Amino acid sequence: MSSDPTSPVDIVVVGSINADLTVRVRRHPHPGETLLGSGGGITPGGKGANQAVAAALQGGAVAMVGAVGTDAYAEPATEYLRSSGVDMSGVASVDETTGLAVITVSDDGENSIVVVPGANATVTADFVEERAPLIESARVVLLQGEIPADGFAAAVRLATGRVVVNLAPVIEVDRKSLLRADPIMANEHEAGLLLEQLGAGISSDIPEELVSALLDAGFPSVVLTIGARGALVGDTSGLTKIPTPRITPVDTVGAGDAFAGAFVARLVAGDDLVTASRHAARVGAFAATGHGAQTSYPGMGDQLPEA
Ligand code: RIB
């Protein structure tokens with residue numbers, strides 16, 4: 001791991017970098033309702049940056065491709081990327097505001113998030129193509145849904161290694177790019193939207209049926225996260241249920257990103273899909289026991305909960 005742009009990287013994350021403005025509330029407000037909350041601090045976030053940091057903390061050699069603004073939020077948004085050793089040579093500072101996520105977390109650990117893309121909206125095809133050598137050199141390119149669709153497609157086009165996609169949020173991307181995902185990682189809600197996007201929608205929300213439908217739609221492999229029930233991995237060899245540790249969630253913000261980053265770190269270390277998912281489930285559970293996204297992620301020395 002190094003921020004030296006000439007160092008080889010295994011994983012390139014092409015994605016969002018946000019400043020997370022988080023408030024805690026007893027419960028989420030109803031439409032039109034005002035509630036009192038607490039907090040209001042800024043912590044580093046963005047699904048792309050979160051996954052990059054999680055992968056780096058789990059031993060991956062990671063580079064980030066993305067953009068921040070020239071405002072005061074750029075520094076806190078990138079603090080953990082830098083401190084966890086992510087190569088920042090593909091990150092630009094553009095004349096925009098840094099991506100901002102306004103997050104409420106309730107006492108039961110559930111969250112709601114509104115994202116203002118800001119600089120992330122400049123991660124277009126041109127932006128991505130300017131960073132072609134970095135992306136082409138990656139063993140894994142990891143993508144989410146918080147950059148423009150043409151930037152997503154350009155990253156897939158340039159990828160010479162494995163493409164892993166966690167299309168959160170689910171945006172419209174071209175079918176050919178999407179089906180390069182091996183695996184596609186999604187929660188149940190996202191799986192339903194992906195199937196609709198591919199014209200393969202099903203009425204069932206049974207996890208096994210969602211995974212089978214995604215495989216039938218053309219993905220070579222699927223990792224479906226099913227919250228406190230763990231995950232389900234599917235490929236040509238069949239379906240495998242992945243247990244998750246029992247924990248009391250404090251804040252689930254970024255727990256899915258911790259799963260995705262840790263999963264990819266283990267894939268490049270040589271694990272198969274199932275073994276990588278077992279480890280990722282423990283990392284995701286650890287993340288849900290702490291506050292914030294990147295601020296809650298474990299390093300290699302942390303004791304992970306047992307599934
Ligand atoms: O997945 C959690 C992330 O979603 C937050 O860090 C926030 O920035 C939004 O992108």
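Because the structure is a prediction, the values reported are computed rather than measured.

A.B. asks: Describe the side chain of Ser-221, listing the residues and the values that go with them.
C.D. replies: Within the secondary structure, Ser-221 sits in the loop between helix H8 (207–217) and strand E11 (222–225). Residue Ser-221 is classed as buried on the basis of its relative accessible area, which comes to 1%. In this view, Ser-221 contacts Arg-162, Ala-181, Asp-182, Pro-183, Ile-184, Leu-215, Gly-234, Asp-235 and Leu-273; residues no more than four positions away in its chain are not counted.

A.B. asks: Residues and numbers for the site of the ligand, please.
C.D. replies: The full set close to the ligand counts 13 residues, and Asp-20, Gly-46, Lys-47, Glu-146 and Asp-257 are the nearest of them. For the ligand, an oxygen atom lies 3.0 Å from a polar atom in the side chain of Asn-50. According to the grid-proximity analysis, the pocket containing the ligand is the largest pocket. Those elements that provide at least two residues to the shell around the ligand are strand E2 (18–25), helix H1 (47–57) and strand E7 (111–116). Residue classes in the shell around the ligand are distributed as four nonpolar, five polar and four charged.

A.B. asks: Help me get a handle on H8, residues and values and all.
C.D. replies: Within an α-helix, residues lying three or four positions from one another point in the same direction, as the helix has 3.6 residues per turn. Looking at H8, one finds that the buried residues are Pro-207, Leu-210, Val-211, Ala-213, Leu-214 and Ala-217. Axial view of H8: buried residues confined to an arc of 160°, hence all on one face. Where H8 is buried, its residues contact helix H6 (175–178), helix H7 (188–197), E11, strand E12 (231–235) and strand E13 (238–242). The positive-phi residue at the C-terminal boundary of H8 is Gly-218, with phi of around 125°.

A.B. asks: Mind laying out the sheet that holds strand E1 (residues 11–14), listing which residues take part and the relevant values?
C.D. replies: With mixed pairing, nine strands are arranged side by side in an open sheet as E5-E4-E1-E8-E9-E10-E11-E12-E13. In the strand order of this sheet, the two ends are held by strand E5 (87–93) and E13, each with one partner. Direction aside, neighbouring strands of the sheet carry axes that sit 15° apart on average. When strand E8 (residues 140–143) meets strand E9 (residues 162–165), the two strands line up parallel, connected through four bridges. Directly across from Leu-142, in E9, lies its bridge partner Val-164.

A.B. asks: So what about the sheet that holds E2? Which residues, and what values?
C.D. replies: Here we have four strands laid out as an open sheet, ordered E3-E2-E6-E7, and mixed in their pairing. The sheet is open, and its two edges are formed by strand E3 (38–45) and E7, each paired on a single side. Going from strand to strand, the sheet's axes swing by 20° on average, the running direction of each strand aside. As paired strands, strand E6 (residues 99–106) and E7 are joined by six bridges and run antiparallel to one another. Within E7, the residue paired with Ala-101 across the bridge is Val-115. Contacts between helix H2 (residues 74–83) and the sheet are confined to E2 and E3, with E3 contributing the most and set at about 55° to the helix.

A.B. asks: Describe the UniProt feature "binding site: ATP" (unreviewed entry) in the chain, naming the residues involved and giving the relevant values.
C.D. replies: Mapped onto this numbering, the UniProt entry gives "binding site: ATP" (unreviewed entry) at Asn-187, Thr-225, Ile-226, Gly-227, Ala-228, Arg-229, Gly-230, Gly-256 and Asp-257. From the list above, the largest pocket is lined by Asn-187, Thr-225, Ile-226, Gly-227, Ala-228, Gly-230, Gly-256 and Asp-257. Tracing the sequence through the fold places Ile-226 in the loop between E11 and E12. Discounting residues that sit within four places of it in the chain, Ile-226 has contacts with Glu-188, Pro-207, Ala-231 and Lys-241.

Scoring rules and cut-offs
Residues numbered from 1 in each chain as written. Predicted model: local features only at pLDDT ≥ 70, side-chain atom pairs only at ≥ 80, totals over all residues. Heavy atoms only, no water. Helix = DSSP H or I, 4+ residues; strand = E, 2+ residues; numbered from the N terminus. Buried < 20%, exposed > 50% of the residue type's maximum accessible area, 1.4 Å probe, protein only. Contact = heavy atoms within 4.5 Å. Near = heavy atom within 4 Å. Polar contact = N/O pair within 3.5 Å; in protein donor to acceptor, adjacent residues only side chain to side chain. 1 Å grid on protein atoms, 1.4 Å probe; cavity = no way out; pocket = protein on both sides within 12 Å on 5 of 7 lines; lining within 4 Å. Sits in = over half its atoms within 2 Å of the grid points. Nonpolar A, V, L, I, M, F, W, Y, C, P; charged D, E, K, R; others polar. Arc of directions from axis to C-beta. Pairing = 2+ DSSP bridges. Axes fitted to C-alpha atoms, helices over the stretch in contact; angles between N-to-C directions. UniProt positions renumbered as here; feature names shortened; annotations may be inferred.

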